[in-house]
Every structure is written in structure tokens, then in C-alpha cells.
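Chain by chain, the residues run as shown.
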Amino acid sequence: MMHSVTRTLAAAATALVVALPLAAYSQEETLTIKSSTGDHVFTVEVVDTPETRAKGLMNVHELAPDAGMLFDFKEERPVAFWMMNTFIPLDMLFITSDGTIKNIHVNAVPHDKTSIPSDGPVQYVLEVPGGRTVELGIEAGDSVVHSRIQ
């Protein structure tokens, strides 16, 4: 009996140690888009390293209507995205360092290798489910509020 308890505790400890790096990688935070149609709240995962930004939403097969991914490039610069290995349509919101939406690409096509650029320097890109910005009335010029955006 004691051997079984020890084995169970060891398995639980191993599972906890394995899960810790995953929890550290996945930072889910609240982000609000302020538009003429109201405030729209999303739960986002923040990615801010070359490795996590490169992976993005690749191989994700579904995304809740109020979920997304916020890419932080840590400085303003022109950026471009593509949809290789992405299975769902996405809206891409290109955001300046002060939180202003510079441009939006609606319904990026899954698996498309065509480059989708920002209209000039941006620090952030928010990816949300395809068509969501149109449904909510979100437009270029609207503002984004998040703990990283000053």
C-alpha cells in the first residue's frame, strides 16, 4: 500500500514539473478594443519571443469568438504575416506602440503563403477569429488597451 502511495505521489510530482514550463509559456491576459460600437474584450495569449511568434496560431483548429493571440515585437517596425500551417481564417489587427489599430486584414485564408503586411511600423499584431472584426464593427483608428500597451 505504501509503495502504491509513493508511486502516485512521484507521478503527481513529475506531472507538476512537466506542466510548469507549459504554464510559463502560456500567458492568457485580457485585452480590450475600444471602438465606436463599444468595448470588445478578448482573452489573449501573448507571444513575444522569435520562437513563440514564429509558431503563432499554427496547427490550431479552433478559436473561441472572444479569444486571440497578441504578438509583441517589443519595438515598432514593419511586419508581415502568412498563414502557412494555420487551419482557421484569422483577422489580423496591426497595432502601433500607443495602441492605435493601424490596419486590419480580414479573413486571412488558411494555408496561404501570401505575405500580409502592416501599413507601416507597428509593435503589436492581434490575431482573432476570421470575420470577427467586421461582426463587432472594429476598424483602423480604434484603440487597444492591454497591460503591455502604454
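Structural data are supplied above this passage.
Here's what I pulled together on the structure shown here. (Residues numbered from 1 in each chain as written. Predicted model: local features only at pLDDT ≥ 70, side-chain atom pairs only at ≥ 80, totals over all residues. Heavy atoms only, no water.)

1. Quick word on the overall build of the protein
Check the secondary structure of the protein and you find 3 helices and 9 strands. When the elements of the protein are put in sequence order from the N terminus, they spell out α-β-β-α-β-β-β-β-β-β-α-β. In the protein, which comprises 150 residues, the proportion classed as buried is 39%. Counting only contacts in the protein whose residues sit at least 6 apart along the sequence, the fraction spanning at least 24 positions is 70%. By element, 59% of the accessible surface of the protein is carried by carbon and sulfur atoms, the whole surface being about 8,200 Å². (Helix = DSSP H or I, 4+ residues; strand = E, 2+ residues; numbered from the N terminus. Buried < 20%, exposed > 50% of the residue type's maximum accessible area, 1.4 Å probe, protein only. Contact = heavy atoms within 4.5 Å. Areas by Shrake-Rupley, 256 points an atom, 1.4 Å probe, with all protein chains shown as cover.)

2. Observations regarding the sheet that holds strand β5 (residues 90-95)
Overall, mixed pairing links the 7 strands, which are arranged β6-β5-β8-β3-β2-β1-β9 in an open sheet. Unpaired on one side and paired on the other, β6 (101-108) and β9 (143-145) mark the two borders of the sheet. Here the average twist between neighbouring strands, direction ignored, is 30°. Judged from the 3 bridges that link them, strand β1 (residues 28-35) and β9 form a sheet pairing that is antiparallel. Bridge pairing links Thr32 to Val145 in β9. (Pairing = 2+ DSSP bridges. Axes fitted to C-alpha atoms, helices over the stretch in contact; angles between N-to-C directions.)

3. With respect to the pairing of strand β8 (residues 122-129)
Regular strands place side chains that alternate from one sheet face to the opposite one. A large share of β8 lies buried, amounting to 8 of its 8 residues. Relative to β8, strand β3 (residues 67-77) runs antiparallel, the two being bridged by 5 bridges. Bridge pairing in β8 places Arg77 opposite Val122. Pairing of β5 with β8 involves 6 bridges; the strand directions are antiparallel.

4. Comments concerning the pattern of salt bridges
Across all of its chains, the model carries 4 salt bridges by this definition. Salt-bridge contacts for Asp48 lead to Arg148; the nearest nitrogen and oxygen are separated by 2.9 Å. One end of the pair, Asp48, is in the loop between β2 (38-47) and α2 (50-55); the other, Arg148, is in the segment after β9, and 100 residues separate them in sequence. For Asp48, a relative accessible area of 17% translates into the label buried. Across the pair Arg132 and Glu135 runs a salt bridge whose closest N-O atoms are separated by 2.7 Å. Taken together, the residues span about one helical turn, with Arg132 and Glu135 both in helix α3 (residues 132-136) at a distance of 3 residues. (Salt bridge = Lys/Arg side-chain N within 4 Å of Asp/Glu carboxyl O.)

5. A closer look at the packing of aromatic side chains
In the structure shown here, the tally under the stated rule is 3 aromatic pairs. Ring geometry for Phe73 against Phe81: centres 6.2 Å apart, planes inclined by 85°, an arrangement best described as edge-to-face. (Phe/Tyr/Trp six-rings, centres within 6.5 Å; stacked < 30°, edge-to-face > 60°.)

6. Overview of the side chain of Thr96
Inspection of the secondary structure assignment puts Thr96 in the loop between β5 and β6. Engagement of the side chain of Thr96 in a polar contact is seen with the side chain of Asp98, the distance being 2.5 Å. Those residues in contact with Thr96 that sit more than four places away from it in its chain are Glu76, Lys102, Pro121, Val122, Gln123 and Tyr124. (Polar contact = N/O pair within 3.5 Å; in protein donor to acceptor, adjacent residues only side chain to side chain.)

7. A short note on the pairing of β1
Relative to β2, β1 runs antiparallel, the two sharing 8 bridges. Paired with Lys34 across the strands is Asp39, a residue of β2. Hairpin connection of β1 to β2: 2 residues between the antiparallel strands.

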